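Each chain, letter by letter, is given below.
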Amino acid sequence: EAGVAQSPRYKIIEKRQSVAFWCNPISGHATLYWYQQILGQGPKLLIQFQNNGVVDDSQLPKDRFSAERLKGVDSTLKIQPAKLEDSAVYLCASSLVEQFFGPGTRLTVL
Amino acid sequence: RKEVEQDPGPFNVPEGATVAFNCTYSNSASQSFFWYRQDCRKEPKLLMSVYSSGNEDGRFTAQLNRASQYISLLIRDSKLSDSATYLCVVVRGGTSYGKLTFGQGTILTVHP
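Below or above, wherever it landed, is the structure these notes cover. Note that the structure is predicted; figures quoted are calculated from it, not measured.

### Notes on the overall build of chain A
(1) Moving on: A count of helices and strands for chain A gives zero helices and 11 strands.
(2) Moving on: Listed N to C, the secondary structure of chain A is β-β-β-β-β-β-β-β-β-β-β in terms of helices and strands.
(3) Moving on: What you see for chain A is a C-alpha radius of gyration of 13 Å, in line with the 13 Å of a compact globule of 110 residues.
(4) Moving on: Considered along the principal axes of its C-alpha atoms, chain A spans approximately 35 × 25 × 25 Å.
(5) Moving on: Carbon together with sulfur atoms contributes 53% to the accessible area of chain A, which is approximately 5400 Å² in total.
(6) Moving on: Charge centroids of chain A, computed over 12 positive and 10 negative side chains, lie 6 Å from each other.

### A closer look at the overall build of chain B
(1) Moving on: Check the secondary structure of chain B and you find zero helices and 11 strands.
(2) Moving on: The N-to-C order of helical and strand elements in chain B reads β-β-β-β-β-β-β-β-β-β-β.
(3) Moving on: On C-alpha atoms alone, chain B measures out to a radius of gyration of 13 Å, which is about the 13 Å that the 2.2 N^0.38 rule sets for 112 residues.
(4) Moving on: Dimensions of chain B along its principal axes, counting C-alpha atoms only, are 40 × 30 × 25 Å.
(5) Moving on: Pairs at least 24 apart in sequence give 58% of the contacts found in chain B among residues at least 6 apart.
(6) Moving on: Summed over all atoms, the accessible surface of chain B reaches about 5400 Å², with 48% contributed by carbon and sulfur.
(7) Moving on: Charged side chains of chain B number 12 positive and 10 negative; the gap between the two group centres comes to 6 Å.

### Structural notes on the packing of aromatic side chains
(1) Moving on: Overall, the coordinates contain 11 aromatic pairs over all chains when judged by the stated rule.
(2) Moving on: Put simply, the rings of Tyr33(A), Tyr35(A), Phe101(A), Tyr36(B) and Phe102(B) pair up and form one aromatic cluster.

### Thoughts on the interface of chain B and chain A
The extent of an interface is frequently quoted as the accessible surface area lost upon association of the parts.
(1) Moving on: In this complex, chain B contributes 16 residues to the contact, which on the side of chain A involves 25 residues.
(2) Moving on: In this assembly, chain B packs against chain A so that about 1500 Å² is buried in total across both faces, 48% of it on carbon and sulfur atoms.
(3) Moving on: Across the chain B-chain A interface, the total number found is zero salt bridges.
(4) Moving on: Along the contact surface separating chain B from chain A lie one residue pair in polar contact (both at pLDDT 80 or more).
(5) Moving on: When contributions to the side of chain B that touches chain A are tallied by element, the ones reaching two or more residues are strand S4 (32-38) and strand S10 (99-102) of chain B.
(6) Moving on: Taken together, the residues that form the side of chain B that touches chain A break down as seven nonpolar, six polar and three charged.

### Examining the sheet that holds strand S8 (residues 75-79) of chain A
All names here are of chain A.
(1) Moving on: Pairing within the open sheet is antiparallel, and its four strands lie in the order S1-S3-S8-S7. Because the sheet does not close on itself, it has two edges, and the strands there are strand S1 (5-7) and strand S7 (65-68). Each strand axis lies, on average, 15° off the axis of its neighbour in the sheet, ignoring direction.

### Some details on the sheet that holds strand S8 (residues 70-75) of chain B
Residue and element names in this part refer to chain B.
(1) Moving on: The strand order S1-S3-S8-S7-S6 describes an open sheet built from five strands, whose pairing is antiparallel. Each end of this open sheet is capped by a strand with a single partner; those strands are strand S1 (4-6) and strand S6 (55-57). Neighbouring strand axes in the sheet, compared pairwise and without regard to direction, differ in orientation by 20° on average.
(2) Moving on: As paired elements, strand S3 (residues 19-25) and S8 share six bridges and run antiparallel to each other. Each residue of the ladder has a partner; that of Cys-23, found in S8, is Ile-71.

### Some words on the side chain of Gln69(B)
Residues and elements named next belong to chain B.
(1) Moving on: On the secondary structure map, Gln-69 appears in the loop between strand S7 (60-65) and S8.
(2) Moving on: Given a relative accessible area of 18%, Gln-69 falls into the buried group.
(3) Moving on: A distance of 2.7 Å separates a polar atom in the side chain of Gln-69 from the backbone oxygen of Tyr-25.
(4) Moving on: Not counting residues up to four positions away in its chain, the partners in contact with Gln-69 are Cys-23, Thr-24, Tyr-25, Ser-26, Asn-27 and Ser-28.

So, how was this worked out
- Sequence order as written defines the numbering, with residues in each chain counted from 1.
- Key to labels: chains lettered from A, ligands numbered from 1, both in the order written.
- Thresholds applied to this predicted model are a pLDDT of at least 70 for local features of residues and 80 or more for the giving and counting of side-chain atom pairs; totals over whole chains, interfaces and linings are not thresholded and use all residues.
- Heavy atoms throughout the structure, all of them, feed into the side-chain values; hydrogens and water do not.
- The helix count covers DSSP runs of H or I at least four residues long, the strand count covers runs of E at least two residues long, and both are numbered beginning at the N terminus.
- What the globule rule says is 2.2 Å times the number of residues to the power 0.38, and the radius of gyration is computed from C-alpha atoms.
- Areas reported here follow the Shrake-Rupley algorithm with a probe of radius 1.4 Å; residue values treat only the protein chains shown as occluding.
- His is not counted here, nor are the chain ends, while Lys and Arg score as positive and Asp and Glu score as negative.
- By convention, the charge on Lys lies at NZ, on Arg at CZ, on Asp at CG and on Glu at CD.
- Throughout, a residue-residue contact means that at least one pair of heavy atoms, one from each residue, lies within 4.5 Å.
- Planes of paired rings set the category: under 30 degrees apart is stacked, over 60 is edge-to-face and the rest tilted, where pairs are Phe, Tyr or Trp rings (Trp by its six-membered ring) whose centres lie within 6.5 Å.
- Each of two parts loses accessible area, computed with a 1.4 Å probe, when they are put together; buried area is these two losses added.
- Here, a salt bridge means any side-chain nitrogen of Lys or Arg that lies within 4 Å of a carboxyl oxygen of Asp or Glu.
- Two N or O atoms count as a polar contact when they lie within 3.5 Å, although within protein this holds only if one can serve as hydrogen donor and the other as acceptor, and sequence-adjacent residues are included solely when both atoms are side-chain atoms.
- Only Asp, Glu, Lys and Arg are considered charged, only Ala, Val, Leu, Ile, Met, Phe, Trp, Tyr, Cys and Pro nonpolar, and every remaining residue, Gly among them, polar.
- At least two DSSP bridges between two strands are needed for those strands to be called paired.
- With axes taken as lines fitted to C-alpha atoms, and helix axes fitted only over the stretch in contact, angles between N-to-C directions fall between 0 and 180 degrees.
- Partly exposed describes any residue whose relative accessible area lies between the buried limit of under 20% and the exposed limit of over 50%, with all areas from a 1.4 Å probe on protein chains only and scaled to the type maximum.

What follows is the structure, encoded as structure tokens:
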């Protein structure tokens, strides 16, 4: 069974630039999550979708972060403009019951 | 106070040792509890669920004390391959769309 796919795997940008990440969940999984994992910390939930509706975005910095899940399948997470403190791994996960994580996108902001 | 707190370690143990990790959570409304494992530069993967009655999976035993809001993971007969970060996870709401909150993780290194 194919897992959660994410791209790109690595991204290096300068502060104030924009960046977008893409996630394709496991087929049939209605719930999709984006997490931010800073080095040395556990993943922190940024946003949760149920199909194409937002369930929880309470920890999403909405002044610079946005996410969408058109058609209830793939999702994109965007940061505009990026700050140094956004350097982290961005993990996408999907679930029916158990959450399965993708490999993540490692973002470095210089 | 963080919602989920773990001792970050690192724990350095020899092969064959028994090691225990602890985790506390602050929200008494939390409903489900898990341990995840995360290898270096990899994504987290579910290790096991944690039940009030305690549960065992091979060399791994998980315990939950709701009254004390405390979760533990015991690893017996440690293997080199057990070296990883162990994440305590607490869920509010149903597991199918509940909100997962992760602890910062406990680093385990098993050496020969």
